[in-house]
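# Structure at a glance
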Amino acid sequence: MGNQDVIGLAVIGAGYWGPNLVRNAQATPALHLRYLCDLDVEKARRVLGQYSTVRATASLDEVLADPDVHAVAIATPAATHLPVALAALEAGKHVLVEKPLAATFEDGLKLVETAEQRGLTLMLDHTFAYTSSVQHLRKIIRGGDLGDIQYIDSVRINLGLVQPDVDVLWDLAPHDLSIFEAILPDDVYPVEVAAHGSDPIGAGVACVGHLTVRLSNGAITHVHVNWLSPTKIRTMVIGGSQRTVVWDDNNPAQRLSIYDRGVDLSPEQQKISYRTGDMVAPALVEREALRSMMAEFAASITEKRAPLTDGRAGLRVLAVLEAASESLRSGGVFVPVQQVEGRVSS
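## Structural notes on the sheet that holds strand β2 (residues 31-37)
- Strand order across the open sheet formed by six strands is β3-β2-β1-β4-β5-β6, with parallel pairing between neighbours. With partners counted over all chains shown, the strands left at the sheet margins are β3 (55-57) and β6 (122-125), one partner each. Taken over all neighbouring pairs, the strand axes of this sheet differ in orientation by 25° on average, direction set aside.
- As paired strands, strand β1 (residues 7-12) and strand β4 (residues 71-74) are joined by four bridges and run parallel to one another. Residue pairing across strands places Val11 opposite Ala73, the latter belonging to β4.

## Description of the domain arrangement of the chain
- Per the domain assignment, the segments making up the chain are domain 1 (7-120) and domain 2 (128-287 + 318-336).
- Each of domain 1 and domain 2 has a C-alpha centre, and the two are 30 Å apart.
- Taken together, the contact between domain 1 and domain 2 spans eight residues of the former and seven residues of the latter.
- Together, the buried faces of domain 1 and domain 2 total about 610 Å²; carbon and sulfur atoms form 70% of this surface.
- The largest share of the area that domain 1 buries against domain 2 comes from Lys99, Pro100 and Phe105, three residues that together contribute 70% of it.
- In this structure, the connection of domain 1 to domain 2 is made through zero salt bridges.
- Looking at the side of domain 1 that touches domain 2 residue by residue, the classes come out as five nonpolar, two polar and one charged.

## Quick look at the UniProt feature "domain: GFO/IDH/MocA-like oxidoreductase" (unreviewed entry) in the chain
- Sites flagged by UniProt as "domain: GFO/IDH/MocA-like oxidoreductase" (unreviewed entry) map to residues 134-242.
- Each end of residues 134-242 is marked by a C-alpha atom, and these two atoms are 19 Å apart; helix forms 23% of the span and strand 44%.

Rules behind the numbers
Residues numbered from 1 in each chain as written. Predicted model: local features only at pLDDT ≥ 70, side-chain atom pairs only at ≥ 80, totals over all residues. Heavy atoms only, no water. Pairing = 2+ DSSP bridges. Helix = DSSP H or I, 4+ residues; strand = E, 2+ residues; numbered from the N terminus. Axes fitted to C-alpha atoms, helices over the stretch in contact; angles between N-to-C directions. Domains from an automatic or database assignment. Contact = heavy atoms within 4.5 Å. Buried area = accessible area lost by both parts, 1.4 Å probe. Salt bridge = Lys/Arg side-chain N within 4 Å of Asp/Glu carboxyl O. Nonpolar A, V, L, I, M, F, W, Y, C, P; charged D, E, K, R; others polar. UniProt positions renumbered as here; feature names shortened; annotations may be inferred.

Spelled out as structure tokens, the structure:
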């Protein structure tokens, strides 16, 4: 790669998410941002500012032909992820792509297989996986501190931007599903999903959605997503056989609360007893998740290893979303989730 292994990067897409990628790429020492590419080149120039040395261009071909570009970060609409990411991989570039990985499981699989055949990093921008809260949850859940996972209840509601091309499940649930993917042990994963939705405002797509996801250990997880709520709620309750953790993402002073309280059943006497222990609120170091994600992208390229949120993680989220859509069309019945091998266990 040369230049002390600094990775030349291009950001594709200057819309809602692109400027965040630009800012965090420029703050990551291992990355050198060379291009911002958007069909509206004036928009790209406005994002960069008049004194920027980063090139604004409308030509993806120009970006992919430049040997000093080693990687691209894609922040374009989901329907374009397949052609843009595939072109980048075929040009020998490492790829970071915004969620969802692609518009269909089949398209996502094509990207994963292309990256693997060419020995390139394919990484998902599952930003929540890089927050201090989720990193701590991953550590304590996979370390066994909560015991066996018994249930997860997740609520992600606010007065959201109603999307014309996707329903609320495809817009918001990928956050929750990618969090499950990051925190659950390797042997606990979604096996089937039932989805219910409603469109009370006549938008033409579901604006309120509920997912019930059955895990491989028999536990149930529930996800409530909603564009119509006047109040923003982002909570997750993860119940374990030993402890329960409540994550309130809207409370920066105490995002996580771990309760040593619960219900035990004695198999000998068939008696139920209640545990009432302490509540602990771990001190978390707040850091920008996107910065950590950019650093992980660079490290995975340099160290030639799979990133935490690799292409297969994105494919597993896509598999749940596709099953959810099928369930929604079929009146809410449980639909099996297509299984994807290969997990990052670091």
